Amino acid sequence: MTTVATPASPSAANGGEARCFEDFQVGERWTSEPTVITEEEIIAFARANDPQPMHLDPEAARAGPFGTLIASGWQIAALSMRVFLQAGGYGKTPMVGMGLDELRWTRPVKAGDTLVVEREVIETVRSKSRPGMGMIRTRVTVRNQDGDAVMSLVSLGRVPARAQA
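Residues numbered from 1 in each chain as written. Predicted model: local features only at pLDDT ≥ 70, side-chain atom pairs only at ≥ 80, totals over all residues. Heavy atoms only, no water.

Undergrad: Even after reading the chapter, I still don't get helix α4 (residues 73-86), so can you show me in this structure?
TA: Quick reminder: α-helices carry 3.6 residues per turn. Residues three or four places apart thus point the same way. In this model α4 runs 20 Å from its N-terminal to its C-terminal C-alpha over 14 residues, within 8% of the 20 Å that 1.5 Å per residue would give. When we look at burial in α4, the residues that qualify are Gly73, Gln75, Ile76, Ala77, Leu79, Ser80, Val83 and Phe84. Where α4 begins, the side chain of Ser72 points an oxygen toward the backbone nitrogen of Trp74, at a separation of 3.1 Å. (Helix = DSSP H or I, 4+ residues; strand = E, 2+ residues; numbered from the N terminus. Expected span 1.5 Å × (residues − 1). Buried < 20%, exposed > 50% of the residue type's maximum accessible area, 1.4 Å probe, protein only. Polar contact = N/O pair within 3.5 Å; in protein donor to acceptor, adjacent residues only side chain to side chain.)

Structure follows, in structure tokens:
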């Protein structure tokens, strides 16, 4: 199932309603609307969370390894979550984050870059110890305007499951 994000709901199939573990399918995809990242956003995030010169100071950044101001990787990770939730996330499903694996920042993000977030369900496993819960593993990729991956990760979340017969 391929789903393109809309402001109301990234999943036209669920209409923003709560989904149970059984409703998630491996291969289900979601793609965000493009998001432009600004110099002001980069600096504000850096001031609050990652105060390194390459994120804070355009002059200092020009002399640094990237030759320009770049966004913190943590900002891009947070942005990937923000745009997904702003679009409706998994609807009313209470997804509980369990962790991240394979976090990679593969290209710098510069002011003016346009980012698109892609999410794909890659695994679903019912909990053996808590059969009323299931685990959803999702691959997240953030791409720039050239289609290049700038960040990727695998997230693990827990969702409620229907009672087993």
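Moving on, there is more to tell.
Undergrad: So what exactly am I meant to see when it comes to the environment of Arg139 here?
TA: Counting through the fold element by element, Arg139 comes out in strand β6 (residues 133-143). Judged by its relative accessible area of 35%, Arg139 falls in the partly exposed class. The spatial distance from the C-alpha of Arg139 to the C-alpha of Val121 is 6.5 Å, given a sequence separation of 18 residues. Once residues lying within four places of it in the same chain are set aside, the contact partners of Arg139 are Glu102, Glu118, Arg119, Glu120, Ile122, Leu153 and Val154. (Contact = heavy atoms within 4.5 Å.)

Undergrad: So what exactly am I meant to see when it comes to the packing of helix α1 (residues 39-49) against α4 here?
TA: In helix packing, the relevant descriptors are the interaxial angle and the interaxial distance, both defined with respect to the helix axes. As a packed pair, α1 and α4 sit with axes 10 Å apart at the nearest point and diverge in direction by 105°. The angle between α1 and α4 places the two elements in the roughly perpendicular class. Residue-level contacts link Glu41, Ile42 and Phe45 of α1 to Trp74, Gln75 and Ala78 of α4. In the contact of α1 with α4, the residues fall into 4 nonpolar, 1 polar and 1 charged. (Axes fitted to C-alpha atoms, helices over the stretch in contact; angles between N-to-C directions. Parallel < 35°, antiparallel > 145°, perpendicular 65-115°, else oblique. Nonpolar A, V, L, I, M, F, W, Y, C, P; charged D, E, K, R; others polar.)

Undergrad: When you look at the environment of Asp148 in this model, what are you seeing that I'm missing?
TA: Within the secondary structure, Asp148 sits in the loop between β6 and β7 (149-160). Given a relative accessible area of 26%, Asp148 falls into the partly exposed group. Asp148 sits 42 residues away from Thr106 along the chain, and the two C-alpha atoms are 8.9 Å apart. Discounting residues that sit within four places of it in the chain, Asp148 has contacts with Arg107, Val142 and Arg143.

Undergrad: What should I look at first to understand the layout of surface pockets in this one?
TA: By rolling a water-sized probe across the atoms, one finds the places where empty space is left. By volume, the largest pocket is sized at about 410 Å³. Contributing to the lining of the largest pocket are 24 residues, with Met81, Met95, Gly97, Arg119 and Ser155 lying nearest its centre. For the lining of the largest pocket, the element with the most residues is α4, which contributes 6 residues. Class assignment for the residues of the lining of the largest pocket results in 13 nonpolar, 10 polar and 1 charged. (1 Å grid on protein atoms, 1.4 Å probe; cavity = no way out; pocket = protein on both sides within 12 Å on 5 of 7 lines; lining within 4 Å. Points joined across faces, edges and corners; volume = space filled by probe spheres on them.)

Undergrad: Honestly, the nonpolar core in this entry has me stumped. Any pointers?
TA: In a soluble, globular protein the nonpolar side chains are often hidden away together inside. In terms of nonpolar packing, the biggest core is built from 28 residues, with Ile76, Val109, Leu115, Val117, Val142, Val150 and Met151 touching the most fellow members. If you list the elements that add at least two residues to this core, you get α1, α4, β5 (114-126), β6 and β7. Ranked by the residues each element gives to this core, the list is headed by α4, at 5 residues. Excluding its chain neighbours within four sequence positions, the residues that come into contact with Val117 are Trp30, Thr31, Ser32, Leu79, Ser80, Val83, Val140, Thr141 and Val142. (Core = buried A, V, L, I, M, F, W, Y, C linked by side-chain atoms within 4.5 Å.)

So far we have only geometry, and geometry alone does not tell us how the molecule works.
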